[in-house]
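# Observations on the three-dimensional arrangement
One letter stands for each residue in the lines below.
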Amino acid sequence: MCATLILVAFIGGFILQSSAEMAESESKDPNKPHIIILMADDMGFNDVSFRKTSQVYTPNIDALGYQGLILNRHYVPHMCTPSRAALLTGINPVHTGMQHYVIRSCEPYGLPLDLILLPQYLKKAGYKTHLVGKWHLGNAKKAFIPTERGFDSFFGFYTGAIEYYNHTDGASGSAVTETGALSVRGYDFRRNEEVTYEGFGQYATYLFTNESLKIIGDHNPKKPLFLVATYNAPHAADGPVLLEAPQDEIDKINYISDPNLRTFAAMMNIMDRGIGQIIKKLSHKDMLKNSVILFYSDNGSPIEGLYANEGSNYPLRGQKSSPWEGGIRVPAIIWSPAMKYRHGVSSKLIHNTDWLPTFLALAGIRPKSNVDGFNMWPTLTKNLPSPRDEMIHNIDPIDQFVSVYYRGWKYINGTTDGGQYDGWLSPSSNCKDQFGVKYTESVMKSDTWKALSPFARKTITSKTIRRIRKMTEVYCPAKIPYSGVCEPLKAPCLFKITDDPCEMNNLAQVYPFRTYLMQILVKKWSANVVYPINQPSDFAGCDPRKHNGTFTWWLD
């Protein structure tokens, strides 16, 4: 593996509003920032070209990072549904019962209705709220769908994965042919609450970009905008062909010989270009001067097994749906002209539950109930220590595994999938920079760079880009002779994760008292864990053949 160092850039800035200004009353202040969240689906830690070991090219995402702040220790829950629930509630899924697996297409439950979601808060505070792309937080009842949970508009799909062209999903587990293909499929594409076929046969990533551009184009910049664009890329399609991209886009990837990886790279390139177009549109509408843009992936890449997508979590261990860093530590970037210090890398600890209280603080409002997240704006803009020193990655009483962090240490007891995906699954690419000397030039020609460079705090040169890029690299230490083998199904494992991000050295036997203390913490935290609310699939009621071939709410 490449042996390079984690470095931390000094960051800082100022708070848009003081705590005294964050009154309980919903202010109609026209200076509330536009909040734009751009989310990838199943994109690995290494699937950004600001890491030299990546084989995919993402100049617009990279430019957002160089102009903003790359968050090198950004964590999320290990799968799609728990991750999205954490973002919109600010509450760790272990406290809402959403921590175990995802909502399958015919499972009759959703994100609990007593929870107040981020768009509901912002809508009451005067924001126009829009969701484009993937929902995956339930649709068994109409009350679960996005337009009933605070979004003014929705364009996309309810379930976990669709085919990119025909926009159908399989009713998981309902019926399987001899070849293993799902025999019951349903159409899943909506405009607001109505099934729409307006984009049938068109590539989904293009549709989601175009819808986001239309929303921005139609928006009155004097009103605050909340736009969440949750791409389904690069998630594998739910169909016989897992990776889908237009052939002309695949043909552009001439530096990769493997056909599957070429398709994956094309999927990523299309999404990256769409992100650039969205940021360019915000510039044309003169909205960037009062915007906050967040980009991240909902969880790590699945390298092997179900929905494997050719992504890379290198050099991290494990993958999506696992307790390891490769499933929960993801690429993330934040940008705002209100951030005084940008153009660097932060290794401050952040969890995606932190975004709800952060964005509410910027909007001048407070959550009406307790949340697990922290307002990270002072940390990001004033180089203050992160208020977070502990993190529950998961406590799952069904799969019977625990993954938690406390003050530099990570404790794992149990695992998923019988431990078959517990290793280092991502290839190293021989640590070769695929894009060579023209990399910086191409980044500086991107739509994102052109749109954001007028807001730069200083002149950014090719040398600056190379320096920041170097700072994103992660060091995997050598195996320590006295460390033990980690077999979490047999005994707990303990890692000094701040020194060993690749989870190479199990120190549970070396530091037995520390291991014991972590077990005490887990016992304490477990007392407040809500048992998962997952329910068995209701194929009889959900069956798309009973609903004009579509997935819809069937319990009403």
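Up top is the structure.
Residues numbered from 1 in each chain as written. Predicted model: local features only at pLDDT ≥ 70, side-chain atom pairs only at ≥ 80, totals over all residues. Heavy atoms only, no water.

## Some points on the overall build of the protein chain
So the rule is basically this: Helical segments are the DSSP runs of H or I of at least four residues, strand segments are the runs of E of at least two, and each set is numbered from the N terminus. The globule rule used here is 2.2 Å times the number of residues to the 0.38 power, and the radius of gyration it is set against is calculated over C-alpha atoms. Exposure categories follow from relative accessible area, calculated using a 1.4 Å probe and restricted to protein chains: below 20% of the type maximum is buried, above 50% is exposed, and the middle band is partly exposed. In what follows, a contact means two residues having at least one pair of non-hydrogen atoms within 4.5 Å.
Across its full length, the protein chain carries 14 helices and 19 strands. At 22 Å, the protein chain has a C-alpha radius of gyration in line with the 24 Å of a compact globule built from 556 residues. Principal-axis analysis of the C-alpha atoms gives the protein chain an extent of 60 × 55 × 55 Å. Sorting the 556 residues of the protein chain into buried and exposed places 61% on the buried side. Sequence separation of at least 24 residues holds for 75% of the intrachain contacts in the protein chain that already meet a minimum separation of 6.

## Comments concerning the packing of helix α4 (residues 204-218) against helix α6 (residues 259-284)
Heads up, the condition is: Note on method: axes are straight lines fitted to C-alpha atoms, helices fitted across the in-contact stretch only, with angles between N-to-C directions ranging 0 to 180 degrees. Should an angle fall under 35 degrees it is called roughly parallel, over 145 degrees roughly antiparallel, and 65 to 115 degrees roughly perpendicular, with every other angle called oblique. Charged residues are taken to be Asp, Glu, Lys and Arg, nonpolar residues to be Ala, Val, Leu, Ile, Met, Phe, Trp, Tyr, Cys and Pro, and polar residues to be all remaining types, Gly included.
Two numbers describe how α4 lies on α6: the axes approach to 10 Å, and their chain directions differ by 5°. With respect to α6, the element α4 is oriented roughly parallel. Residues Thr 205, Tyr 206, Thr 209, Ser 212, Leu 213, Ile 216 and Gly 217 of α4 form the contact with α6, whose participating residues are Ile 270, Met 271, Arg 273, Gly 274, Gln 277, Ile 278, Lys 281 and Leu 282. Tallied by class, the residues present in the contact of α4 with α6 amount to 7 nonpolar, 6 polar and 2 charged.

## Side note on the packing of aromatic side chains
This is how the line gets drawn: Two rings from Phe, Tyr or Trp (for Trp, the six-membered ring) form a pair when their centres sit within 6.5 Å of each other. Planes less than 30 degrees apart are called stacked, planes more than 60 degrees apart edge-to-face, and all others tilted.
Evaluation of the coordinates by the stated rule reveals 20 aromatic pairs. Measuring from ring centre to ring centre gives 6.4 Å for Tyr 158 and Trp 553, while their planes differ by 50°; the resulting arrangement is tilted. Within this pair, whereas Tyr 158 is found in the loop between β5 (153-157) and β6 (168-170), its partner Trp 553 is found in the segment after α14 (539-542), the two being separated by 395 residues in sequence. Tyr 158 gets classed as buried once you look at its relative accessible area, which sits at 1%.

## Notes on the sheet that holds strand β18 (residues 409-413)
The line we're drawing: DSSP-based pairing: two strands are paired if at least 2 bridges between them are found.
Pairing in this open sheet of 4 strands is antiparallel, and the strands run β16-β17-β18-β19 from one edge to the other. A single partner strand is all that each edge strand has here, and the edge strands are β16 (390-396) and β19 (493-496). Here the strands of the sheet are splayed against their neighbours by 10° on average, with no regard to which way each runs. Across the face of the sheet, helix α13 (residues 512-526) comes into contact with β16, β17 (401-406), β18 and β19 while running at roughly 110° to β17.

## Thoughts on the packing of helix α1 (residues 59-67) against α6
A pair of packed helices is captured by two measures, namely the crossing angle of their axes and the spacing between those axes. Running from N to C, α1 and α6 cross one another at 50°; their axes reach a closest spacing of 7 Å. Relative to α6, the element α1 lies oblique. Here Pro 59, Asn 60, Ile 61 and Leu 64 of α1 come into contact with α6, specifically with Asp 272, Arg 273, Ile 275, Gly 276 and Ile 279. Among the residues making up the contact of α1 with α6, the classes are represented as 5 nonpolar, 2 polar and 2 charged.

## Details of the environment of Val 56
Checked against the element boundaries, Val 56 lands in the loop between β1 (34-40) and α1. For Val 56, the contacting residues outside a window of four places in its chain are Asp 47, Val 48, Ser 49, Tyr 255, Phe 264, Ala 265, Met 268 and Phe 435.

## A word on the state of the cysteines
So the rule is basically this: Throughout, a disulfide means two cysteine sulfur atoms within 2.5 Å of one another.
A complete count under the given rule lists 3 disulfides for this structure. Here Cys 476 engages in a disulfide with Cys 502; their sulfurs sit 1.9 Å apart. Since a negative S-S torsion denotes a left-handed disulfide, the Cys 476-Cys 502 link at about -70° is left-handed. Linking Cys 476 in the loop between α12 (462-471) and β19 with Cys 502 in the loop between β19 and α13, this pair joins segments that are 26 residues apart in sequence. Here Cys 476 falls in the buried class, since its relative accessible area comes to 9%. Residue Cys 486 pairs covalently with Cys 493 via a disulfide, S to S 2.1 Å. Its S-S torsion of about 100° marks the bond between Cys 486 and Cys 493 as right-handed, since a negative value means left-handed. Here Cys 486 falls in the buried class, since its relative accessible area comes to 12%. Left unpaired, Cys 80 is separated from the closest cysteine sulfur, that of Cys 106, by 17 Å.

## Considerations on the sheet that holds strand β12 (residues 329-330)
Across the sheet, which stays open at both edges, the 3 strands sit in the order β12-β3-β15 with mixed pairing between neighbours. Both edges of this open sheet fall to β12 and β15 (350-351), since each of them pairs with a single strand only. Here strand β3 (residues 74-75) pairs with β12 via 2 bridges, running antiparallel. By the bridge assignment, Tyr 75 is partnered in β12 with Arg 329.

## Topic: the side chain of His 219
With respect to the helices and strands, His 219 occurs in the loop between α4 and β10 (225-230). Judged by relative accessible area, which is 6%, His 219 ranks as buried. Each residue touching His 219, except ones within four places of it in the same chain, is listed here: His 34, Lys 128, Pro 224, Leu 225, Lys 285 and Met 287.

## Re unusual backbone geometry
What is expected of a backbone is that most residues other than glycine have negative phi and most peptide bonds are trans. Looking along the chain, the bond that leaves Ala 233 and enters Pro 234 is cis, with omega of -5°. Among the secondary structure elements, Pro 234 is positioned in the loop between β10 and α5 (247-251). That bond from Tyr 314 to Pro 315 is cis: its omega, 0°, falls within 30 degrees of zero. Along the polypeptide, Pro 315 turns up in the loop between β11 (291-297) and α7 (325-328). Even without a glycine there, the phi angle at His 136 is positive, about 60°. Examined against the element boundaries, His 136 turns out to sit in the loop between β4 (128-134) and β5. Assessed through its relative accessible area of 4%, His 136 is described here as buried.

## Comments concerning the pairing of β18
For β18, the buried fraction is high: 4 of the 5 residues fall into the buried class. One ladder, built from 4 bridges, connects β18 with β19; its direction is antiparallel. When the bridges of β19 are listed, Ile 412 appears paired with Cys 493.

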